[in-house]
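Here's the letter readout for the chains.
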Amino acid sequence: MIAKCFIYLFPNNVSCYWTQFRFATWKDTLMMVVGGLCALVHGAASPLMLLVYGMMTDTFVAYELEVQELADPNKTCSNNTITWNNGSIVEIAENTTVFCGVDIEAQMTMFAYYYVGIGLGVLIVSYFQIALWVSAAAKQIQRIRKTYFRKIMQMEIGWFDCNSVGELNTRISDDINKINNAIADQVSIFIERISTFIFGFMVGFIGGWKLTLVVIAVSPLIGLAAGLMAMAVARLTGWELQAYAKAGAVADEVLSSIRTVAAFGGEDKEAERYDKNLIEAQNWGVKKGTVIGVFQGFLWCIIFLCYALAFWYGSKLVIETNELSPGTLVQVFFGVLMAAMNLGQASPCLEAFASGRAAAKTIFDTIDREPEIDCFSEEGHRLDKVKGDIKFHNVTFNYPSRPEILNNLSMLIRAGETTAIVGPSGSGKSTAIQLLQRFYDPKDGMVTLDGHDIRSLNLQWLRSLIGIVEQEPVLFSTTIAENIRYGRPGVTMDDIIQATKEANAYNFIMELPQRFDTLVGEGGGQMSGGQKQRIAIARALIRKPRILLLDMATSALDNEIKARMGRTTITIAHRLSTIHNADVIVGFEHGQAVERGTHNELLEKKGVFFTLVTLQNQGNDLPNDKASLDVEQEVLQNVTSFSHGSYESHFKEEASEHVEPAPVARILKYNKSEWPYMLIGSIGAAINGSVNPIYAILFSQILGTFSILDVDEQRVQINGICILFCAVAVTSFFSQFLQGYAFGKSGELLTRRLRKVGFQAMLRQEVAWFDDPRNSPGALTTRLASDASMVQGATGSQIGMIVNSLTNIGAALIIAFYFSWKLSLVVMCFLPLIGLSGAFQAKMLTGFANEDKKAMETAGQVSSEALANIRTIAGLAKESTFVDTYEQQLEAPYNSAKKKANIYGICFAFSQCVIFMTYAAAFRYGGYLVSSEGLHYLVVFRVISSIVISGTALGKASSFTPDYAKAKTAAAQLFILLDRVPKISLSQTDGEKWENFKGELEFINCKFTYPTRPDIQVLNGLLVSVKPGQTLAFVGSSGCGKSTSVQLLERFYDPDEGTVLIDGRPSHTVNVPFLRAQIGIVSQEPVLFDCSIAENIQYGDNTRNVSMEEIVDAAKKAFLHDFVMTLPDKYETQVGAQGSQLSRGQKQRIAIARAIVRNPKILLLDEATSALDTESEKTVQAALDEARRGRTCIVIAHRLSTIQNADIIAVMSQGAVIESGSHETLMDKRAAYYKLVTTGAPIS
């Protein structure tokens, strides 16, 4: 049967489902088979109980009839038959005799034993059913995890380029959890539900086939309603998400180009645009709430109508044709109902199976993939003697994700020599080194070591010859000593100390409080850049490598010569001063080695090397040698302040992870304008809550009618009850609809409001806040999308749930105590247990996956550290160490999973058998009350069913609530954002404004570091000023702080030391919107928004509505008008996302027009004319010259030819101005500027 279900559901993937079990041993299979059998037996228990329930009902009815007969003083009971006092037998209609002598208490005791027996059986089988499946799954998952991680660590580096580390981490955690869900308890529960489904129908057919068929005929309607609801909700959710996606796209576009938005003061405009797009999503959301309400109402309506039909027809069969006894009626009806319910509840399991199957596919595909370069392989030669000659023969190579990097590269590196490789970035220097380490294999050509192709050598052995220090050295989060030990297994402490002395790290390590046992922090975060560098050097030296690769920004090796003795050394130079003493220098350009020779030979060639040297040396003519900060001094400073910046930021991250859930009162405050909706919703919820207790009354009333002697009276009563059922059906339809609609509406309004205020709060933050990777546009848009919609769970629907549960419990208890307080007290003892078991069963539906995640965290840290630093690990050939560590870390979660299997099994077993025990106690005591206190049996049924039903409802309600805790945390995150006070206020009132703004600018000793990179000094005492109407041009190599100075002027950031004066006022006292309104900016890569050309130009001034005349006028000044008029839609042409429909020159000119519309006093031009072809360059240049007229202007130059007519040219290097003046004065000085102009070298 089950197999059939699978085949029916996934005809083509049956094999796929079973492949999830491919890691099962015979023991696991045995456990799963036994567990499956237990589940089958467990499934049969509830239908079996119905048989007992039916017999019991009959007993009660018979007893009641006897009591009524014997009420006549002329009748007595002899030999189990009622006789007249004169001895003749009493006959009623149709000549039947009336039996008597029912010993109600003895009967009830027997039924109680039956219940207890079934209960104990259930206790045992349900424990095994869960424990066996869960522990079998735990074993398999353990194997899958190990195999998968080992396989990932075996993959070649190229594979990691195509699979992001984040994605792999999610696969290791989430995808494997999905497989776990699909092969653990869910399977046994599925089997149990299907078994109940089968046995329920069997009980029905055995009891009475006619009634069974009637009920079956109606049950598809219930299924249909449930199915339609699921479909409609999925479809509507899809539409809602699509509608939100538009708003999300707006948010993403705005947050990605936050600098442009800030520069043009477009914050309010963007918030409006976002809000417009939210309305559609809100409407879909309300529709979704309404549809859920309608379908839920429809579902309950059908169920109650079904009750009415079944009881009406069933009672006909009992009274008129005597085909059924009252007991069999109950048995048939509940049998079929139970079967239908269980079939419905089996469907969530299928979902788990499907997602598990999908997850298994990706995981097993990786497990089955053969790596192209296998680091665990034992094959390949190991040379006896290594000399160290390295040669590249016509190597061509490109990364899997990028175009060609190396292009027919040939070079020779002689043994024992130090070879330095220089060249502009992107010319293939680091790539050549990675090929030597065999991270990749070349597409063409080969790399040889002592004449052997390195592909023929053993990989682990080859990598053991090489010591490498990367540009950004990676340390693992353990102690300094352990980090150095990674270099070579089994080294002594003396070796480590020796290596640190050679690497010049010994002194700073001894100054740390814990010396070699100091923890370096996640990714080495507690160490400064210089310290990390030296630990990495020590790690490379301790390998005693034959080949040393240094890819380093600074030369921290003072005794470099000592380190290089007798080794082949390859240095990639970033600071050219560090390679004076190299034996050979090779110049790279566009993936080829274009020049080779000693330092002096290459200077005479005036090629690549010469340009680089000129640019870097201009910084060294400063007095007191400020620019080439002595490395030693920088390092000392770092040790004393213990890398202040990184340390602090490290702490901040720790702190912010833990968020206190927000108080509900504050969440409700945002929802208070919707109170009428919430009131109506609550009324609906209250009516829904009282439906269950009313059902208990009606159901017991029907059973009561069977003991009425007068047949006509019976009929009248039964018809009346069925009509009441119909009334309840209609009422619940409307009340469910009300609850769904009202809470849907209030919830969606709240979501929209929160999204809007959240977005506005984001736009209020200073630009530095967006530099934090935790606030990347992606992260922020997700936060807007998910956090805001989660918060709903804490207000609307949550209140509905609470009201519903309270009325349910309240009504049930009132009914129960009103009819029999004694019995109620007995049943009440079990109420907490029933509630618990209901909650537990509901929790089981969601699975226990979340708890597994916690246990996996430490193992997750190992895996994510390993994957993030895979290059370093491969270079050290330490893959197997990490695999071993990971497998050790898996032991703890595995043991806890096995332990949990038992606990979970016990809880499950307990929750399953509680109801049987409750029935045993309650009906036994009920029997006693019926016989000794003359209680009517209908009251017994009424009390028990009302309390039991409300108990289970209570348990279920506690879990149906959309995750309440999640909602509160999500709200808390939003509130943190709303409460954050930006460091640079955008308010219209803070700071001063003044008339006649002139545009005189001065930078006085500005020092600045970006908050996210505290160890890199970007501006280092910038001193420069410009008078109103003058043009200042910045010249210098990239990264010297040109663009940064412009950002300080816009007040995206404030300087750490020194001041920026604007018209003689310090910038941090000036009103920000006022200041930005005076500045027009044209950036290197202008950001355009996804709207028409006209709207993009209008964006220049967001304080007013810019007229079409002004737009055209600005476009003419920007030499844009003629081009726009050639387009079919002219100014209404859409520019596409990020202006993708236009060429660079066109975008540039739109950006210039946008700046002109603003009519600014200060113009900032980050000229990107270097990116344009000659034709567009001329036009753009002309447009810029036009725009500069009569304004203070700062130009960031990328070509020297474009700035010769500037009033002041400032040549920058390493964050300071090294010379300034007009073109003529600087040419006469014959210093850095003169060199740049005469050699015609490119700057950036």
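- In the nomenclature of an unreviewed UniProt entry, the chain corresponds to ATP-binding cassette, sub-family B (MDR/TAP), member 11a from the organism Esox lucius.
- Here the chain is described in UniProt, under the heading Sequence similarities (unreviewed entry), as follows: "Belongs to the ABC transporter superfamily. ABCB family. Multidrug resistance exporter (TC 3.A.1.201) subfamily."
- One UniProt comment on the chain, placed under Subcellular location (unreviewed entry), says "Cell membrane".

## Some thoughts on the pairing of strand β22 (residues 1192-1196)
Remark: a regular strand shows side chains that alternate across the two faces of the sheet.
1) Next: Taking burial as the measure, the five residues of β22 include five buried ones, the bulk of the element.
2) Next: Residues Thr1192, Ile1194 and Ile1196 point to one face of β22 and Cys1193 and Val1195 to the other, with burial holding for every one of them.
3) Next: In this sheet, β22 lies alongside strand β17 (residues 1031-1035) in parallel orientation, the contact comprising four bridges. Each residue of the ladder has a partner; that of Ala1033, found in β22, is Val1195.
4) Next: In the sheet, strand β21 (residues 1162-1166) pairs with β22 via five bridges, with the strands oriented parallel. When the sheet's bridge partners are listed, Ile1162 is paired in β22 with Thr1192.

## Some details on the side chain of His1223
1) Next: Mapped onto the secondary structure, His1223 falls in helix α43 (residues 1223-1229).
2) Next: Overall, His1223 belongs to the buried group, its relative accessible area being 12%.
3) Next: Other than its neighbours up to four places away in sequence, His1223 contacts Gln1204, Ile1209 and Tyr1233.

## Brief notes about the sheet that holds strand β16 (residues 1019-1026)
1) Next: Across the sheet, four strands lie side by side as β16-β15-β18-β19; this open sheet has antiparallel pairing. Since the sheet does not close on itself, it has two edges, and those belong to β16 and β19 (1065-1066), each with one partner.
2) Next: Bridge count for strand β18 (residues 1057-1062) against β19 is two bridges, and the pairing is antiparallel. Following the sheet pairing, Leu1061 is matched in β19 by Pro1066.
3) Next: With respect to the sheet, helix α36 (residues 1042-1049) is in contact with β15 (1001-1008), β16 and β18, its orientation differing from that of β15 by roughly 115 degrees.

## As for the sheet that holds strand β23 (residues 1208-1213)
1) Next: Pairing within the open sheet is mixed, and its six strands lie in the order β20-β21-β22-β17-β23-β24. Of all strands in the sheet, those bounded by a partner on one side alone are β20 (1079-1082) and β24 (1216-1221). Across the sheet, the mean angle from the axis of one strand to that of its neighbour is 20 degrees, orientation sign disregarded.
2) Next: Strands in contact with α36 are β17, β20, β21, β22 and β23; relative to β22, the strand with the most contacts, it is inclined by about 150 degrees.

## Here's the deal with the pairing of β18
1) Next: In the sheet, β15 pairs with β18 via five bridges, with the strands oriented antiparallel. Paired with Lys1007 across the strands is Glu1057, a residue of β18.
2) Next: Connecting β18 to the antiparallel partner β19 that follows it, the hairpin turn spans two residues, and Asp1063 within it adopts a positive phi of roughly 50 degrees.

## A look at the packing of aromatic side chains
The description of two aromatic rings rests on the distance between their centres and on the angle between their planes.
1) Next: Counted according to the given criterion, the structure contains 46 aromatic pairs.
2) Next: Seen in terms of ring centroids, Phe21 and Trp133 are 6.5 Å apart; in terms of plane orientation they differ by 65 degrees. Their pairing is edge-to-face. One end of the pair, Phe21, is in the loop between α2 (14-19) and α3 (26-70); the other, Trp133, is in helix α4 (residues 104-154), with 112 residues separating them in the sequence.
3) Next: According to the relative accessible area criterion, Trp133 is buried, its value standing at 6%.

## Notes on the packing of α4 against helix α7 (residues 185-207)
1) Next: In contact at an axis separation of 8 Å, α4 and α7 are set at 145 degrees when each is read in the N-to-C sense. Note on element contacts: α7 touches α4 through Asp185, Val187, Ser188, Ile189, Ile191 and Glu192, opposite Gln129, Ile130, Trp133 and Val134.
2) Next: In terms of residue class, the contact of α4 with α7 is made up of six nonpolar, two polar and two charged.

## Focus on the environment of Gly293
1) Next: Looking at where Gly293 falls in the secondary structure, it is placed in helix α10 (residues 267-319).
2) Next: On a C-alpha basis, the gap between Gly293 and Ala742 in space is 9.3 Å, while along the polypeptide they are 449 residues apart.
3) Next: If near-sequence neighbours (up to four positions away) are discounted, Gly293 is found in contact with Gln736, Phe737 and Gly740.

## Details of the pattern of salt bridges
1) Next: Scanning the model with the defined rule gives 24 salt bridges in all.
2) Next: The closest approach of N and O atoms between Asp28 and Arg143, which form a salt bridge, is 2.9 Å. Here Asp28, found in helix α3, pairs with Arg143, found in helix α4; they are 115 residues apart in sequence, far enough to count as distant.
3) Next: Note on Arg143: relative accessible area 27%, which makes it partly exposed.
4) Next: Here Glu320 makes a salt bridge to Arg715, at a shortest N to O gap of 3.0 Å. A residue pair is termed long-range when its members are at least 10 positions apart, and Glu320 in the loop between α10 and α11 (326-368) and Arg715 in helix α25 (residues 711-764) qualify at 395 residues.
5) Next: The class of Arg715 is partly exposed, set by a relative accessible area of 31%.

## Observations regarding a nonpolar patch on the surface
1) Next: A contiguous nonpolar surface patch, about 410 Å² in accessible area, is contributed by Leu120, Leu123, Ile124, Phe128 and Phe910.
2) Next: Residue contributions to the nonpolar patch peak at four residues, all from α4.
3) Next: Mapped onto the elements of the fold, Leu123 is located in helix α4.

## Some thoughts on helix α24 (residues 675-705)
1) Next: Here α24 is 31 residues long and its end C-alpha atoms lie 45 Å apart, about the 45 Å a rise of 1.5 Å per residue gives.
2) Next: At Val691, α24 is deflected by roughly 30 degrees, the largest bend along its length, and proline Pro693 occurs up to four residues later in sequence.

Reading guide: rules and limits
Along each chain, the written sequence defines residue order, and numbers are assigned to residues from 1. Totals for whole chains, interfaces and linings use all residues, but because this is a predicted model, local features are given only for residues with pLDDT of at least 70 and pairs of side-chain atoms are given and counted only at 80 or more. As a rule here, side-chain values cover all heavy atoms of the structure and leave hydrogens and water aside. UniProt positions are given in the numbering used here, feature names are shortened, and annotations may be inferred rather than shown by experiment. Classification of residues uses two cut-offs on accessible area relative to the type maximum, computed with a 1.4 Å probe and protein chains only: under 20% is buried, over 50% is exposed, and between them is partly exposed. Numbered from the N terminus, helices here are DSSP runs of H or I no shorter than four residues, and strands are runs of E no shorter than two. One bridge is not enough; two strands pair if DSSP finds at least two bridges between them. Here a residue-residue contact requires only that any non-hydrogen atoms of the pair lie within 4.5 Å. Helix axes use the C-alpha atoms of the stretch in contact, all axes being lines fitted to C-alpha atoms, and the angles between their N-to-C directions lie in the range 0 to 180 degrees. Ring pairs shown here join Phe, Tyr and Trp side chains whose ring centres sit within 6.5 Å, with only the six-membered ring taken for Trp; geometry is labelled stacked below 30 degrees between planes, edge-to-face above 60, and tilted in between. Residue type decides the class: Asp, Glu, Lys and Arg count as charged, Ala, Val, Leu, Ile, Met, Phe, Trp, Tyr, Cys and Pro as nonpolar, and the leftover types, Gly among them, as polar. What makes a salt bridge here is a side-chain nitrogen of Lys or Arg within 4 Å of a carboxyl oxygen of Asp or Glu, nothing more. A patch is a set of surface residues, each over 30% in relative accessible area and not in a salt bridge, joined within 9 Å for like charges and within 5 Å for the nonpolar side chains Val, Leu, Ile, Met, Phe, Trp and Tyr. Residue burial considers only the protein chains on display, and all accessible areas are found by Shrake-Rupley using a 1.4 Å probe. Multiplying 1.5 Å by the helix residue count minus one yields the expected span of that helix. One fitted axis covers the seven residues ending at a residue, a second covers the seven starting there, and the bend at that residue is the angle between these axes.

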